[in-house]
Amino acid sequence: MIKKKNGFIAFICSLIPGAGEMYLGFMKEGLSIMCLAYAMFVTGAWIDASWLACSVVILWFYSLFNVHNKVSLPDEEFYTLEDNYLFHLDQILPEGRLNGRQTKVFGWLLVLFGIATVWKSSIRNLLAVLETCISSDFADLVGNYLYGIPRFVVAVILIVCGVRMILKKKIELYTEPEELPESVSEEKNGEKN
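Residues numbered from 1 in each chain as written. Predicted model: local features only at pLDDT ≥ 70, side-chain atom pairs only at ≥ 80, totals over all residues. Heavy atoms only, no water.

Caption draft 1: Seen up close, the overall build of the protein. A tally of helices and strands in the protein yields 10 helices and zero strands. Reading the protein from its N end, one meets helices and strands in the order α-α-α-α-α-α-α-α-α-α. Residues counted as buried form 21% of the 193 residues belonging to the protein. Residue pairs at least 24 apart in sequence account for 57% of intrachain contacts in the protein once pairs closer than 6 positions are excluded. A total of about 14600 Å² of accessible surface is found on the protein, and carbon and sulfur atoms cover 66% of it. (Helix = DSSP H or I, 4+ residues; strand = E, 2+ residues; numbered from the N terminus. Buried < 20%, exposed > 50% of the residue type's maximum accessible area, 1.4 Å probe, protein only. Contact = heavy atoms within 4.5 Å. Areas by Shrake-Rupley, 256 points an atom, 1.4 Å probe, with all protein chains shown as cover.)

Caption draft 2: A look at the side chain of Ser14. Within the secondary structure, Ser14 is located in the loop between helix 1 (7-13) and helix 2 (19-24). Take Ser14: its relative accessible area is 1%, and that puts it in the buried class. Each residue touching Ser14, except ones within four places of it in the same chain, is listed here: Gly20, Trp60, Leu64 and Val67.

Caption draft 3: Main features of the packing of aromatic side chains. Using the criterion set out here, one finds two aromatic pairs in the structure. On the numbers, 4.9 Å between centres and 65° between planes, the contact of Trp60 with Phe61 is edge-to-face. Given the relative accessible area of 39%, Phe61 is considered partly exposed. Both rings, one in Phe61 and one in Phe65, keep their centres 6.2 Å apart while their planes meet at 15°; by these two values the pair is stacked. In this pair, Phe61 and Phe65 are both assigned in helix 5 (residues 56-71), four residues apart and thus about one turn of the helix distant. Here Phe65 falls in the partly exposed class, since its relative accessible area comes to 48%. Feature note: the residues Trp60, Phe61 and Phe65 constitute an aromatic cluster, connected by ring pairs. (Phe/Tyr/Trp six-rings, centres within 6.5 Å; stacked < 30°, edge-to-face > 60°.)

Caption draft 4: Structural detail: helix 5. Taking 1.5 Å per residue, 16 residues should reach 22 Å; helix 5 reaches 23 Å between its end C-alpha atoms and fits that length. Along helix 5, the positions that sit buried rather than exposed are Val56, Leu59, Ser63, Leu64, Asn66, Val67, Lys70 and Val71. The buried residues of helix 5 occupy one face: seen down the axis, they fall within an arc of 165°. (Expected span 1.5 Å × (residues − 1). Arc of directions from axis to C-beta.)

Shown next as structure tokens:
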């Protein structure tokens, strides 16, 4: 059972996204907020997207006010709150493990993170070789393109995901519901009478 804690210490902890929720005993929620803030900041810094790194502030405000609202709840309401992941990971992984499609997506994410880990150091080494063998102007030109690839890849992934979501919703809106078999429609008519 989660017990209500000191409001001032909860406020101090809430200055770090997710820590206030953890202090209050909502470990799943706090961990998911903290991981999301870290992922947004690191990804924004890696692809040089300041808008993504700055959006951590929005998550920080959400966490701050979430903790404040939970602390200010009456005891009866506070004790009824459940600890859930921010994005309901228990619904995404109902059996506690990845299914086929999720395994594929997770595998590609691991590949991308692996490439991201060695990307900049590999480019620096390549540019040093190009500068020595060819010219510094050519190395600068190649470097500008190579350093821009991560941002381009993330932009393409975001665009493709957005288009897929739009098309999926459009298909759902414009497809007619399948006709029910006669036995089912007769049962429904019998229930109405």
